[in-house]
Amino acid sequence: MKQYRFLYFKIIFILLIILFIIAHTTYFIMSEQNIYYWDYSGYWRFWEDMSTRFAHQPFQAFKFSLNSISNNDYNVLPIILPTIFSILPLPSRLSYILSISVFYYIPVIFLFSYIFCHFVVDNKKLVSSWVISIILPATFVAFWTPILAGYPDICGLLFILLAILYQFKFDIGNKIQIKKMLILGILLWAPFVLRRWYAYTVVSLYISLPILNYLWFFDKSRIWLKFRTVFISFFISGTTSCILAVIFQRGLIHRIINTNYSDIYAAYQGGMSYSIVSLFNSCGYYILPLVALGVVISLFVKDKKQKIFIFFCLFNLLFTFFLFTRTQSPGMQHNLPFALWMLFIACYSIVWLNNRISKSIFSVFFIGCLICFLGYIDQNSLFNRKPYTALQEKMFPSKHLPLRVDNYSAYVQLEKDIEKLVGDSQTVSILSSNHVLNDEMLNTISNQKLSNHIVYTSQVDLRDQIRVNPFLSNYMIIVDPPQTHLGESNQRVITIPVNNLLQHHNVGKAYIAVGHSYKLDDNATAWIYKKERAFTPVEVNEFLAQYYQYYPQWKSIYNKGLYLSFLTAHITKGDIYGGASLDSDTGIISTHPGENTPTIIEWTLQNVPKLKIQSTNMECNQQDTIKISISGAGAPSKEIDLPHGGEVNIDMMPWQNILSKIVIEKNKSSGCDALIISAL
């Protein structure tokens, strides 16, 4: 009879937890304004795109997914299963976040509880231990914040917990079981294929899991034989993970080998002390005494398995944190595995305290107080817009509130005005990079109507360097004072051009302010500037010289090739297909004539003795050609008929340092007339 009561209680409690997760998610998302940006919207947009692909072209969606897994740092795999939620008659953002909560977060909660209750603690107070081990992860702000921000990264915890649970099920040192080790290899590869940065946790687990399993099933009579078997078994598992990564993630693996991530993420590296504070702010300082108590208790308990598991968690916490912070300081999503290990230890100490209570009524009171305390933290950290008190500041996690801004109507008006200005064909760039204003925020407010009109600017100096194309946009939006999210020293690609426009200096002379100002959040003011003419070579050189005093190595990049010349360009796009843009990594121009009108590039060539113009379409009608003409004031004219798939090298010395023009026009059909232009 008692077992049936516990079963009924479990069913009801599980349903209540599921309802809590759904209601909590819904209330948070419905409290937000439509101002999502960057990582808040990144995977949400993937989710929307993949939902459409799978609904209309499932085979093509499958091929696209495989290519994304193979090549992308952040592939679409985490949101493929959650696309099922797109069929719900709910707002897109709510459906997406609910899908992450239901498919990943809820299983993580119950896996955490299952591992804890079946392998870590004894059954002295099974019901209370079970309740505590569910309530803790279900109300843990460090888990909630990345989910509510739109990160699917908690999916990695699901497979980490499955791997831990799976290795608990059998003695790996008993005999070599290839099939089971292949499965474990898949489980340990899964976090990495889902989110690249889990690689540090996978490495740590491949060190700690063999030791955990060896000690868990320790046998004095077979010490060295078991050690040898465990080593070979995990070698099979590790090899499986590596082979899967090479097969399915070949492009990514090649990039990882050839990329110094410490350099490109230098702007996100705040040092060890900053990283530690980031972790504690994510979890809340209230958890630290519980973690410390759990470690101390494990030193004195007689149960060796409890001791082993707590030190397994402690090792993974410290070692993974050390590995990760050598590359960058963790963000909210990166703190997930660290938070998991801390939560296991904290849960252990809370259950130990509860087990010291002899009377059931006091145990119920203890758990009730715990639930109220955790609910209070959740409410204050995620919903209460009032600043923390001094005591709360020292104890609670950092606030992560629903996305809202003051003067939201000004943002909406700014977006509407931009829509009117750009019309059908013009472009706009936004020189602002934080929660006050950024390009993705405006695109979200427009419900993606500005997607084809926004030319995205550089955000971080060392990662992005100088993107040239935004400076050819018809309109530029700036904010006074300049808005950055990593500080001026890491984002001069934002502050230098903003100050130039505000002060009407060098390239800023080519712009005029149009319309009125817009009062934004944090007492910032936005302005729309219209580009009235092309930059002169003198203005371009003065502009770039401002960067060279901070990054002298950039001079060797931008003072050669087509960067300088393209910055002086005025582009007239041909209709329908026409356009011209410069790849900021290679300095190569991609261009295409219009269907009825030519694409025209007017510029001042600097240090470009020869141009190579190449048709990139090799399979089109070879009888057709692309008409190219070059002219300039006081210089000869040259006309070229370039066949599809052909290329030509042109001596450009007659057009050096003068205003010249390249006209690119179709002959018979424009469908296959794409060109690339590079400097020789």
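Here, every reference points to the structure presented above.
Parameters and conventions
- Residues numbered from 1 in each chain as written.
- Predicted model: local features only at pLDDT ≥ 70, side-chain atom pairs only at ≥ 80, totals over all residues.
- Heavy atoms only, no water.
- Pairing = 2+ DSSP bridges.
- Helix = DSSP H or I, 4+ residues; strand = E, 2+ residues; numbered from the N terminus.
- Axes fitted to C-alpha atoms, helices over the stretch in contact; angles between N-to-C directions.
- Contact = heavy atoms within 4.5 Å.
- Parallel < 35°, antiparallel > 145°, perpendicular 65-115°, else oblique.
- Nonpolar A, V, L, I, M, F, W, Y, C, P; charged D, E, K, R; others polar.
- Expected span 1.5 Å × (residues − 1).
- Buried < 20%, exposed > 50% of the residue type's maximum accessible area, 1.4 Å probe, protein only.

> Can you walk me through the sheet that holds strand β5 (residues 570–572) in this structure?
Backbone hydrogen bonds are what pair the strands of a sheet, in a parallel or an antiparallel way. Taken together, five strands build an open sheet; the order of strands is β5-β8-β13-β10-β11 and the sheet is antiparallel. Taken across any chain shown, the strands that pair with only one partner, and hence form the sheet edges, are β5 and β11 (635–643). The sheet shows a mean angle of 15° between the axes of neighbouring strands, taken without regard to direction. Note: strand β8 (residues 599–604) against strand β13 (residues 659–666), six bridges, orientation antiparallel. Counted as the bridge partner of Glu602 is Lys661 from β13.

> Even after reading the chapter, I still don't get the sheet that holds strand β14 (residues 675–679), so can you show me in this structure?
If you trace the five strands from one edge of the open sheet to the other, you get β6-β7-β14-β9-β12, paired in antiparallel fashion. Of all the strands in the sheet, just β6 (579–582) and β12 (647–651) have a single pairing partner and so form its edges. Within this sheet the neighbouring strands show an average axis-to-axis angle of 20°, counted without direction. Relative to β14, strand β9 (residues 610–615) runs antiparallel, the two sharing five bridges. Along β14, the bridge assignment pairs Gln614 with Ile676.

> Can you walk me through the side chain of Ser282 in this structure?
Assignment of secondary structure puts Ser282 in helix α13 (residues 272–283). In this structure Ser282 touches Val141, Ala142, Asn335 and Pro397, once residues within four positions along its chain are discounted.

> Teacher, can you tell me more about the packing of helix α14 (residues 287–300) against helix α16 (residues 336–355) here?
Geometry of a packed helix pair, given as the angle between the helix axes and the separation of the axes. Between α14 and α16, whose axes approach to 7 Å, the crossing angle comes to 70°. If you check the angle between α14 and α16, you find them roughly perpendicular. Residues Ile287, Leu288, Leu290, Val291, Leu293, Gly294, Val295, Ile297 and Ser298 of α14 lie in contact with α16, whose contacting residues are Met342, Leu343, Ile345, Ala346, Tyr348, Ser349, Ile350, Trp352 and Leu353. Broken down by class, the residue content of the contact of α14 with α16 amounts to 15 nonpolar, three polar and no charged.

> What am I meant to see in the environment of Val301 here?
Mapping Val301 onto the fold places it in the loop between α14 and α15 (304–325). Along the backbone, Val301 and Leu15 are 286 residues apart, and their C-alpha atoms lie at a distance of 35 Å.

> What is the right way to read the pairing of β14 from this model?
Residues in a regular strand project their side chains so that they alternate between the two faces of the sheet. With three bridges joining them, strand β7 (residues 589–592) and β14 adopt antiparallel strand pairing. Within β14, the position partnered with Ile589 by the bridge is Ile677.

> Explain helix α7 (residues 155–168) to me, please; I cannot follow it from the model alone.
Every α-helix carries 3.6 residues per turn, so stepping three or four residues along brings you back to the same face. When the terminal C-alpha atoms of α7 are compared, their 21 Å separation across 14 residues agrees well with the 20 Å that a helix rising 1.5 Å per residue should span. The buried count for α7 comes to 12 of 14 residues, which makes it a mostly enclosed element. For α7, every residue scored as buried is listed here: Cys155, Gly156, Leu157, Leu158, Ile160, Leu161, Ala163, Ile164, Leu165, Tyr166, Gln167 and Phe168. Along its buried surface, α7 packs onto α4 (92–120), α6 (141–149), α8 (178–194), α9 (199–216), α15 and α16.

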